[in-house]
Amino acid sequence: MDDIERIAVHDATDRQRGDVVNRLTDRVAVVTGAASGIGAATAKRLATEGACVVLADIAESGNELAARLRGEGRRAEFVVCDVSREQDWDALRERVHELFGSLDVLCSNASRQRAAAAHELSRHDWDQGLAVNLTPLFLGVRTFLDDLRARHGSVIAISSVHAHFGLPGQPGYAAAKGGLTALVRQLAVEYGSEHVRVNAILPGPILTPVWDDIDEADRQRSAAATALRRLGDPDEVAAAVAFLASSDASYITGAELVVDGGWSVHKESR
Ligand SMILES: NC(=O)c1ccc[n+]([C@@H]2O[C@H](COP(=O)([O-])OP(=O)(O)OC[C@H]3O[C@@H](n4cnc5c(N)ncnc54)[C@H](O)[C@@H]3O)[C@@H](O)[C@H]2O)c1
């Protein structure tokens, strides 16, 4: 299933739920990693709720999604941005200001995984993992801090249940995701007095292209490990991002919102 087909599935899901509201009218949002999966669903959800959305990604396919959202009457633009590069963040800020003005919402979502046990992970891959999965939250907040202060903005970092649970072959990813949740708490405390809210979402197994190489038996095992007995849909994470971005979450900061169908509380007793 390609991303456009996935969006069609999201559309159907939205219609089924019928509960998308307009909480973000005229807010300006950046979503990183917006060309695919959870980022794409989030860009669509924020735009549907009325936000002007900048989709930032290294994958040019984000252009197609932005065009499609514009075709539906939403305000959305794509910007090529490698979130591990400081100069790309500076260029992104310039472009956001040109397009829509100051930023209200930053969703730091982009990620790349290199699965390997610690003894098999090269120093280069470890460094790259942190550069893409952890450092961009620091770079993003630093880049947009003036906007976020002025607009009483909201930052949402997409972490993972891996922040709290060990799974074989994921030391770099888990370290980055755990680091993200710690950094979220720090940033929430640091900038709370300036009305900037910073929160983390910890998704569990969500059916995105990262699952394309995982066979059906393993998918079913992951689904069975959740309390709800199914994999999550990217829309279900996007809905949580929209909530945290909105004033419905006005007294929530430094929080970890777990969106995992009960994966982290479900245990079989034998
Ligand atoms: N899918 C899951 O089961 C799951 C579970 C827990 C957490 N997450 C987290 O959710 C987020 C989204 O995951 P997904 O499953 O949608 O992944 P995905 O692979 O579908 O999307 C990731 C996006 O990030 C982009 N990206 C990669 N490196 C980048 C860079 N250097 N600069 C800019 N963009 C870059 C990719 O091009 C891609 O569009 C990630 O932070 C991931 O860790 C996903």
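Structure: see above.
Residues numbered from 1 in each chain as written. Predicted model: local features only at pLDDT ≥ 70, side-chain atom pairs only at ≥ 80, totals over all residues. Heavy atoms only, no water.

Participant: Would you mind showing me how to read the site of the ligand here?
Facilitator: Near the ligand, the surroundings consist of 28 residues, among which S36, D57, N109, Y173 and T208 are the closest. In the environment of the ligand, a nitrogen atom lies 3.4 Å from a nitrogen or oxygen atom belonging to the backbone of C81. Taking G204, its main chain carries an N or O atom lying 3.4 Å from an oxygen atom of the ligand. Among the elements of the structure, helix 2 (37–48) and helix 7 (171–191) are those that each provide at least two residues to the shell around the ligand. For the shell around the ligand, the residue count by class is 16 nonpolar, 9 polar and 3 charged. (Near = heavy atom within 4 Å. Polar contact = N/O pair within 3.5 Å; in protein donor to acceptor, adjacent residues only side chain to side chain. Helix = DSSP H or I, 4+ residues; strand = E, 2+ residues; numbered from the N terminus. Nonpolar A, V, L, I, M, F, W, Y, C, P; charged D, E, K, R; others polar.)

Participant: So what exactly am I meant to see when it comes to helix 3 (residues 62–71) here?
Facilitator: Think of an α-helix as turning once every 3.6 residues; residues three or four places apart then point the same way. Residues of helix 3 that are buried: G62, L65, A66 and L69. Buried residues of helix 3, seen end-on, are gathered within an arc of 100 degrees and therefore sit on one face of the element. G73 lies just past helix 3 and shows a positive phi near 90 degrees. (Buried < 20%, exposed > 50% of the residue type's maximum accessible area, 1.4 Å probe, protein only. Arc of directions from axis to C-beta.)

Participant: Whenever I open this one, the sheet that holds strand 5 (residues 154–158) confuses me. Can you help?
Facilitator: The pairing of strands in a sheet happens through backbone hydrogen bonds and is either parallel or antiparallel. Taken in spatial order, the 7 strands make up an open sheet running 3-2-1-4-5-6-7, and their pairing is parallel. Every other strand in the sheet has two partners, leaving strand 3 (75–80) and strand 7 (256–259) as the edge strands with one partner each. With strand direction ignored, the average angle separating the axes of adjacent strands in the sheet is 20 degrees. In terms of strand pairing, strand 6 (residues 197–203) meets strand 7 through 4 bridges, oriented parallel. The residue bridging A200 from the neighbouring strand is E256, located in strand 7. Across the face of the sheet, helix 9 (residues 234–245) comes into contact with strand 4 (105–108), strand 5, strand 6 and strand 7 while running at roughly 165 degrees to strand 6. (Pairing = 2+ DSSP bridges. Axes fitted to C-alpha atoms, helices over the stretch in contact; angles between N-to-C directions. Contact = heavy atoms within 4.5 Å.)

Participant: Please clarify how the packing of aromatic side chains should be interpreted in this entry.
Facilitator: Centre distance and the angle of the planes are the two values used to describe a pair of aromatic rings. Per the counting criterion, the structure on display carries 2 aromatic pairs. Each ring, one from W89 and one from F144, has its centre 6.4 Å from the other, and the planes form 80 degrees; the classification is edge-to-face. Of the two residues, W89 is situated in helix 4 (residues 86–99) and F144 in helix 6 (residues 135–151); the sequence distance between them amounts to 55 residues. Between F165 and W263 the ring centres are 5.3 Å apart and the planes differ by 90 degrees, which places this aromatic pair in the edge-to-face class. Here F165, found in the loop between strand 5 and helix 7, pairs with W263, found in the segment after strand 7; they are 98 residues apart in sequence, far enough to count as distant. (Phe/Tyr/Trp six-rings, centres within 6.5 Å; stacked < 30°, edge-to-face > 60°.)

Participant: Would you mind going over the packing of helix 2 against helix 9 with me for this structure?
Facilitator: Relative to each other, helix 2 and helix 9 sit at 50 degrees, their axes nearing to 8 Å. One way to sum up the angle between helix 2 and helix 9 is to call them oblique. Helix 9 is crossed by helix 2, and the crossing has right-handed handedness. Contacts between helix 2 and helix 9 involve G37, I38, A41, T42, R45 and L46 on the former and, on the latter, P234, D235, V237, A238, A239, V241 and A242. Here the contact of helix 2 with helix 9 is built from residues that sort into 9 nonpolar, 2 polar and 2 charged. (Parallel < 35°, antiparallel > 145°, perpendicular 65-115°, else oblique. Left-handed = near helix turned anticlockwise from the far one by under 90°.)

Participant: I keep staring at the environment of R68 and nothing clicks. Help me out?
Facilitator: Within the fold, R68 resides in helix 3. On the accessibility criterion, R68 (25% relative accessible area) is partly exposed. Considering only alpha carbons, one finds R68 and A225, 157 residues apart in sequence, at a separation of 35 Å.

Participant: Quick question: what am I supposed to make of the side chain of S246 here?
Facilitator: Counting through the fold element by element, S246 comes out in the loop between helix 9 and strand 7. Filtering out sequence-adjacent residues up to four positions away, S246 remains in contact with R23, L24, R27 and R197.

Participant: It is not clear to me how the side chain of S160 should be interpreted in this structure. Could you clarify?
Facilitator: Along the polypeptide, S160 turns up in the loop between strand 5 and helix 7. The class for S160 is buried, based on a relative accessible area of 4%. A polar side-chain atom of S160 sits 2.9 Å from the main-chain amide nitrogen of H162. If we ignore the near neighbours within four places in the chain, the residues touching S160 are Y173, K177, I201, L202 and P203.

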